[in-house]
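One-letter residues, chain by chain:
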Amino acid sequence: MTKRRPVVAVVDDDPRLLESLEDLLESAGYVARSFPSAGSLLIDGLSGVDVLITDIGMPGTDGFELRDLVKKACPELPVFLITGRHEIADQYRAKGISGFFRKPFDGQALLAAVGDALRNQETEDRHES
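Residues numbered from 1 in each chain as written. Predicted model: local features only at pLDDT ≥ 70, side-chain atom pairs only at ≥ 80, totals over all residues. Heavy atoms only, no water.

**Some words on the sheet that holds strand 3 (residues 51-55)**
Point 1. Reading across from one edge, 2-1-3-4-5 is the order of the five strands in this open sheet, with parallel pairing throughout. Where the open sheet ends on each side, the last strands, each with one partner, are strand 2 (31-35) and strand 5 (99-102). Ignoring which end each strand starts from, the neighbouring axes of this sheet average 20° apart.
Point 2. Pairing of strand 4 (residues 79-83) with strand 5, which is carried by four bridges, proceeds in the parallel orientation. Note on strand 5: the bridge partner recorded for Thr83 is Arg102. (Pairing = 2+ DSSP bridges. Helix = DSSP H or I, 4+ residues; strand = E, 2+ residues; numbered from the N terminus. Axes fitted to C-alpha atoms, helices over the stretch in contact; angles between N-to-C directions.)

Below you can see the structure in the form of structure tokens.
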């Protein structure tokens, strides 16, 4: 029996960041699904997504709004916010997320945080069943 690889959805309007995060996640054994906007993720749906990484500053629906929408639909889904704008990084608005990263961020730290969130989720799933 093969274990399903965790799926990490990444939402960012910067195609270079999407590509580099996709490469980083796939090199660590995850399935990466990239989206250029919150709307494109929402149209595709959250089915099968294990972790969400989203930029905060995007046109249309921003990362905070996306986090709120996702938390209503899937309250247990780990959400990580990333931003290049330091003034956005206020702690009050960052509540309800699994982690917060400022660009440029340490890829290994992000991978470790994603791994921790998935392990915590697995532990909670086992306790519930």
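Next, the rest of the story.
**Observations concerning the pairing of strand 3**
The side chains of a regular strand alternate, first on one face of the sheet and then on the other.
Point 1. Among the five residues in strand 3, five count as buried, and that is most of the element.
Point 2. Side-chain alternation along strand 3 places Val51, Ile53 and Asp55 on one buried face and Leu52 and Thr54 on a second face that is also buried.
Point 3. Summarising the sheet, strand 1 (residues 7-11) and strand 3 pair through four bridges and their orientation is parallel. Bridge pairing in strand 3 links Val10 to Ile53.
Point 4. Judged from the four bridges that link them, strand 3 and strand 4 form a sheet pairing that is parallel. Each residue of the ladder has a partner; that of Thr54, found in strand 4, is Leu81.
Point 5. Once you follow strand 3 into helix 3 (residues 63-73) and on to strand 4, the crossover reads as right-handed. (Buried < 20%, exposed > 50% of the residue type's maximum accessible area, 1.4 Å probe, protein only. Right-handed = clockwise from strand over helix to strand, strands pointing away.)

**Description of the nonpolar core**
Point 1. If you look at the biggest cluster of nonpolar residues, it comprises 21 residues, and the most contacted ones within it are Val8, Leu21, Leu25, Ile53, Phe80 and Val114.
Point 2. Going through the elements one at a time, strand 1, helix 1 (15-27), strand 3, strand 4 and helix 4 (107-128) are the ones with two or more residues in this core.
Point 3. Among the elements that take part in this core, helix 4 stands out by supplying six residues, more than any other.
Point 4. Beyond its immediate chain neighbours, meaning those up to four positions away, Val114 contacts Val8, Tyr30, Val51, Ile53 and Phe80.
Point 5. Grouped together as the second largest cluster of nonpolar side chains are 18 residues, Leu41, Phe64, Leu81 and Ile97 included. (Core = buried A, V, L, I, M, F, W, Y, C linked by side-chain atoms within 4.5 Å. Contact = heavy atoms within 4.5 Å.)

**What to know about the packing of aromatic side chains**
Point 1. Summed over all chains, the structure comprises two aromatic pairs.
Point 2. Taking the centre distance of 6.2 Å and the plane angle of 45° together, the rings of Phe80 and Phe101 count as tilted. Highlighted residues: Phe80 in strand 4 and Phe101 in strand 5, separated in sequence by 21 residues. Take Phe80 and Phe101: they sit in the same class, and that class is buried. (Phe/Tyr/Trp six-rings, centres within 6.5 Å; stacked < 30°, edge-to-face > 60°.)

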